[in-house]
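Breakdown of the fold
Letter by letter, the chains look like this.
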Amino acid sequence: RMFEPMEALLVQAVRDSGGTEVLDVGCGTGATTLAAARRVGPEADCVGIDISEPMIAVARAQAEREGVSARFILADAQTHAFAPESFDTIMSRFGVMFFEDFVAAFANLRRAAAKGANLRLLAWRSPEENPFMTTAMRAAAPLLPDLPARDPDAPGQFAFGNRDRVAAILDRSGWADIAIAPVDIACAMPERALVPYFTRLGPVGMALGGKDEDTRAQVIEAVRPAFDPFVSDDTVRFTAACWLIEART
């Protein structure tokens, strides 16, 4: 729900291109895949791919509940043997920054793309431009000295923060007509979801996985007030500073 405003940007690509063969990379629980399938209609072949078995299970169950014609593949899009030239639209919402080899991954997606196919991606810009996304890590650092240092070149949330690097990856992997534009997207979630959010997700959530209850309580006490600038009227509001990345075969 927090990232729902971004669905429209991706589904717009499907609508603009008239595409009916859609691949959603790093689809997670399938929200963007299902949104595209609903938009195109029953004639669509919308496919989501993700490496998370629990998320794919949720996506499949949701598609069945809604009666939406979407398919889901449990696999790594970097190496999966897609049928050649089988998709006219490839999209992703925050699903492409985690590949082990970015050029190999986008070359594989390029082989799966039909002639004239559209690529449309949303990825985070730099951590400096996304203070909400780095608040928990900064506030928890004194209590969790084993938090991993950020490496801007390693796979991870901000791996696509450098626009020139992204353009070079796409160019080297065979994509053309590359356009990368900044977009700022207003996001929100209930304040009651804030503590579960930062204690379960991201570097802090991972670090807390093996900690005792006293440490968890100390981290929550230190981190929760750091989010106060983003909280108003029981709602957390922040701006997601992203790149809208587009290319064609």
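Notes on the structure follow. (Residues numbered from 1 in each chain as written. Predicted model: local features only at pLDDT ≥ 70, side-chain atom pairs only at ≥ 80, totals over all residues. Heavy atoms only, no water.)

**A few points about the overall build of the protein**
To keep it simple, the criterion reads: Note on conventions: DSSP H or I runs of at least 4 residues are helices, E runs of at least 2 residues are strands, and numbering of each starts at the N terminus. Two residues form a contact once any of their heavy atoms are found within 4.5 Å. Shrake-Rupley sampling with a 1.4 Å probe provides the accessible areas, and residues are treated as covered by the protein chains on show and by no other component.
Looking only at helices and strands, one finds 9 helices and 8 strands in the protein. Taking the principal axes of its C-alpha atoms as reference, the protein extends roughly 55 × 40 × 30 Å. For the protein, the proportion of contacts with a sequence separation of at least 24, taken over those separated by at least 6, is 80%. Surface exposure of the protein reaches about 12,200 Å², of which carbon and sulfur atoms provide 51%.

**A few points about the layout of surface pockets**
Which entries qualify depends on this criterion: Whether a set of points on the 1 Å grid over the protein atoms alone is a cavity depends on a 1.4 Å probe fitting there but being unable to get out, while an open set qualifies as a pocket with protein on both sides within 12 Å along at least five of seven lines; lining residues are those with an atom within 4 Å of a point. Grid points are joined across faces, edges and corners, and a volume is the space filled by probe spheres set on the points. Only Asp, Glu, Lys and Arg are considered charged, only Ala, Val, Leu, Ile, Met, Phe, Trp, Tyr, Cys and Pro nonpolar, and every remaining residue, Gly among them, polar.
For the second largest pocket, the calculated volume is near 160 Å³. Taken together, E7, T29, G30, A31, L34, R38, V58, Q62 and E66 make up the lining of the second largest pocket. Only α2 (31-40) and α3 (53-66) provide two or more residues apiece to the lining of the second largest pocket. Among the residues forming the lining of the second largest pocket, the class breakdown is 3 nonpolar, 3 polar and 3 charged.

**With respect to helix α6 (residues 163-172)**
This is how it is decided: Classification of residues uses two cut-offs on accessible area relative to the type maximum, computed with a 1.4 Å probe and protein chains only: under 20% is buried, over 50% is exposed, and between them is partly exposed. Note: the arc covers the axis-to-C-beta directions of the helix. Distance and chemistry together define a polar contact, namely a pair of N or O atoms within 3.5 Å, with one atom able to donate a hydrogen and the other to accept it when in protein, and with adjacent residues in sequence counting only for side-chain atoms on both sides.
Buried within α6 are the following residues: V166, I169 and L170. In an axial view of α6, the angular spread of the buried residues amounts to 95°, which keeps them on one side of the axis. For α6, the exposed residues lying more than 90 degrees away from the buried face are D164, D171 and R172. The inward-facing, buried residues of α6 contact α4 (102-112), β5 (113-124), β6 (176-190) and β8 (235-248). The N-capping residue of α6, defined by a side-chain oxygen 2.9 Å from the backbone nitrogen of D164, is N162.

**So, the nonpolar core**
Inclusion rule: We call a set of buried residues a nonpolar core when its members are Ala, Val, Leu, Ile, Met, Phe, Trp, Tyr or Cys and they connect through side-chain atoms within 4.5 Å of each other.
By size, the foremost hydrophobic cluster in this structure holds 84 residues, and its most contacted members are F106, F132 and F160. When residues of this core are assigned to their parent elements, the largest contribution, 8 residues, is made by β8. Here F160 is in contact with V96, M97, F102, F106, A123, W124, V166, I169, W243 and I245, once residues within four sequence places are set aside.

**Observations concerning the pattern of salt bridges**
Put simply, the rule reads: Salt bridge, as used here, is a side-chain nitrogen of Lys or Arg placed within 4 Å of a carboxyl oxygen of Asp or Glu.
Here the structure, examined in full by the defined rule, presents 9 salt bridges. A salt bridge links D45 to R71, with the nearest nitrogen and oxygen atoms 3.0 Å apart. Of the two residues, D45 is situated in strand β2 (residues 45-50) and R71 in strand β3 (residues 70-74); the sequence distance between them amounts to 26 residues. Close ionic contact of E129 with R125 constitutes a salt bridge, the shortest N to O distance being 3.0 Å. Overlapping salt bridges, with partners in common, bring together R125, E129 and D184 in one network.

**Digging into the packing of aromatic side chains**
As a reminder, the rule being used: Pairs were defined over the aromatic rings of Phe, Tyr and Trp, the Trp ring being its six-membered one, requiring ring centres within 6.5 Å. Orientation was assigned from the angle between planes: stacked under 30 degrees, edge-to-face over 60, tilted for the rest.
Taken as a whole and assessed by the stated rule, the structure comprises 13 aromatic pairs. Ring plane angle 65° and centroid distance 5.8 Å describe the contact between F3 and W124, whose orientation is recorded as edge-to-face. Of this pair, F3 sits in the segment before α1 (7-17) while W124 is found in strand β5, placing the two residues 121 residues apart along the sequence. On the accessibility criterion, F3 (21% relative accessible area) is partly exposed. Pairing F132 with F227 gives two aromatic rings, centres 5.2 Å apart and planes at 65°, and the pair type is edge-to-face. Highlighted residues: F132 in helix α5 (residues 131-140) and F227 in the loop between α9 (213-223) and β7 (231-232), separated in sequence by 95 residues. With respect to burial, F132 and F227 carry one shared label: buried.

**Remarks on unusual backbone geometry**
In this structure, D177 takes a positive phi of about 50° despite not being glycine. Inspection of the secondary structure puts D177 in strand β6.

**Here we look at the packing of α4 against α6**
Defined as follows: In this analysis an axis means a line fitted to C-alpha atoms, helices contributing only their contacting stretch, and an angle means the value between N-to-C directions, from 0 to 180 degrees. Orientation categories follow fixed angle ranges, with anything under 35 degrees roughly parallel, anything over 145 roughly antiparallel, 65 to 115 roughly perpendicular, and all other angles oblique. Less than a right angle of anticlockwise turn of the near helix away from the far helix marks a crossing as left-handed, whereas a clockwise turn marks it as right-handed.
Where α4 contacts α6, the axes come no closer than 8 Å and their chain directions differ by 50°. With respect to each other, α4 and α6 are oriented oblique. Like other packed secondary-structure pairs, α4 and α6 cross with a definite hand, here right-handed. On α6, the residues that touch F102, V103 and F106 of α4 are R165, I169, L170 and R172. Taken together, the residues that form the contact of α4 with α6 break down as 5 nonpolar, no polar and 2 charged.

**Points about the environment of G202**
Structurally, G202 is set in helix α8 (residues 202-208). Counting along the chain gives 45 residues from G202 to Q157, while the straight-line C-alpha distance between them is 8.9 Å.

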